[in-house]
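Descriptive analysis of the structure
This is what each chain is made of:
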Amino acid sequence: MLNIRVEKTTTPKPLPTADNPLKFGTIFTDHMFVMNYETGKGWHDERIVPYQPLTLDPSAMVFHYGQEMFEGLKAYKAEDGRTLLFRPDKNIERANNTNRRICIPEIPADDFLQAIKAIVKMDEAWIPTKPGTSLYIRPFIIATDPFLGVRPSDTYLFIIILSPVGAYYPEGLNPVKIWIEDEYVRAVRGGVGEAKTGANYVASLKAQVKAHDEGYSQVLWLDGVERKYIEEVGAMNIFFKIDGKIVTPKLNGSILPGVTRDSCIQLCKSWGLPVEERRVSADELFEAAENGKLEECWGSGTAAVISPVGHLRCEDKVFQIADGGIGELSQKLYDTVTGIQLGKIEGPEGWVVTV
Ligand code: COI
């Protein structure tokens, strides 16, 4: 159990007004949660303090070898005034999987949840209520030893910041255009692809810039070995409806195990739809598209929620899916997932946690 010290800001910022479109990840609340780690002492000095810049030694290990992890989850305001979290246990479990993979000390799950609840409670007034908005929660850990040798750090900072957000993509729920990347790769099995660490995101930038220049929102990655099989979209997992079946790449060590991905799978199964978690090649997709069997495609993620995909491009081939519109199942999943998150629809046991 944490004993959180609280230092309130003396200069609160104005809350965003209702007409603010809340561009993703640009506004931050008044406070942040901070906790230190030191080998021999463990996690300690848990506190909520005014949101502020950090002072770090330029030799801090995070700047040189990227020993850092992050998570992303959201808080919602229900109509009855409750503040709700969506499946925070899954994010905490994944956070500690990431920690183990990159040699960061784990944080006990109860303490992690207590920290999230405490900072969200503190800045509850910042939770936006317009449809499609929420309070994005970004926990992260950085290695802070001032040292230029390569080894795990002995000191860390665990921080949680909060940001009121709208849609991740400027398109909102309108279908996005996705570029299947065949030159660069994001991750390989045995690497850190399934961990939520900055390394995976910096590896994606070059291809993302290329895709943006061509008018595409995001990159769909192929496997790093054969460059044949679909993996994920970097900011979200990917689903296809092919000839009535829901198909999504199987978690193979280089794909992020998304919380929204797992929720889509569970919901589709509960609706009696056949779900296949398996290898799916780009060739299979093109063939399905050519035969009119690629019925829908959508991405799933905390930030992106459910994001319909209207166009897929690989090399010179471009496919339009669901007539470039929002597929029926994508819409149903969006309505159900957001309905559960907002406490309007009853979800499976334990999915919604009250702050
Ligand atoms: C999330 O969906 O929460 C993520 O962390 C993806 C990030 C690229 C915004």
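Residues numbered from 1 in each chain as written. Predicted model: local features only at pLDDT ≥ 70, side-chain atom pairs only at ≥ 80, totals over all residues. Heavy atoms only, no water.

Describing the site of the ligand
All residues in the neighbourhood of the ligand are listed as Phe 70, Gly 72, Tyr 136, Arg 138, Tyr 168, Lys 196, Tyr 201, Ala 235, Thr 302 and Ala 303. A distance of 2.9 Å is found between an oxygen atom of the ligand and a side-chain nitrogen or oxygen belonging to Lys 196. Ala 303 is positioned with one of its backbone polar atoms (N or O) 2.8 Å from an oxygen atom of the ligand. Relative to its free-state accessible area of 280 Å², the ligand is covered by the protein chains to the extent of 89%. Judged by the proximity of its atoms to the pocket grid, the ligand belongs to the largest pocket. (Near = heavy atom within 4 Å. Polar contact = N/O pair within 3.5 Å; in protein donor to acceptor, adjacent residues only side chain to side chain. Areas by Shrake-Rupley, 256 points an atom, 1.4 Å probe, with all protein chains shown as cover. 1 Å grid on protein atoms, 1.4 Å probe; cavity = no way out; pocket = protein on both sides within 12 Å on 5 of 7 lines; lining within 4 Å. Sits in = over half its atoms within 2 Å of the grid points.)

Points about the pattern of salt bridges
If charged atoms from side chains of opposite charge come close, those side chains can pair. A full pass over the atoms with the stated rule returns 18 salt bridges. Across the salt bridge formed by Arg 313 and Glu 214, the nearest N and O atoms sit 3.7 Å from each other. Within this pair, whereas Arg 313 is found in strand β15 (residues 305-314), its partner Glu 214 is found in the loop between α5 (205-213) and β10 (218-221), the two being separated by 99 residues in sequence. Here the salt bridges share partners, and the residues they tie into one network are Arg 5, Asp 45 and Arg 47. (Salt bridge = Lys/Arg side-chain N within 4 Å of Asp/Glu carboxyl O. Helix = DSSP H or I, 4+ residues; strand = E, 2+ residues; numbered from the N terminus.)

Points about the packing of helix α6 (residues 259-270) against helix α8 (residues 328-341)
For any two helices packed against each other, one specifies the crossing angle of their axes together with the interaxial distance. Close contact between α6 and α8 brings their axes to 11 Å; oriented N to C, the two are set at 110°. By the angle class used here, α6 and α8 are roughly perpendicular. Counted together, Cys 264, Leu 267 and Cys 268 of α6 and Leu 329, Leu 333, Thr 336, Val 337 and Ile 340 of α8 form the full contact between these two elements. The class makeup of the residues in the contact of α6 with α8 is 7 nonpolar, 1 polar and no charged. (Axes fitted to C-alpha atoms, helices over the stretch in contact; angles between N-to-C directions. Parallel < 35°, antiparallel > 145°, perpendicular 65-115°, else oblique. Contact = heavy atoms within 4.5 Å. Nonpolar A, V, L, I, M, F, W, Y, C, P; charged D, E, K, R; others polar.)

Description of empty space enclosed by the protein
Taken as a whole, this structure holds 1 cavity of 30 Å³ or more when the rule is applied. What lines the largest cavity is simply Gly 72, Leu 73, Lys 74, Tyr 76, Phe 86, Asn 91, Val 259, Thr 260, Thr 302 and Gln 341. Only β5 (73-77) and α6 provide two or more residues apiece to the lining of the largest cavity. A total of 3 residues in the lining of the largest cavity trace back to one element, the largest contributor, which is β5. Of the residues contributing to the lining of the largest cavity, the split by class is 4 nonpolar, 5 polar and 1 charged. Each of two domains, domain 1 (5-165) and domain 2 (176-341), supplies a minimum of three residues to the lining of the largest cavity. (Points joined across faces, edges and corners; volume = space filled by probe spheres on them. Domains from an automatic or database assignment.)

Taken by themselves, the reported measurements are silent on function.
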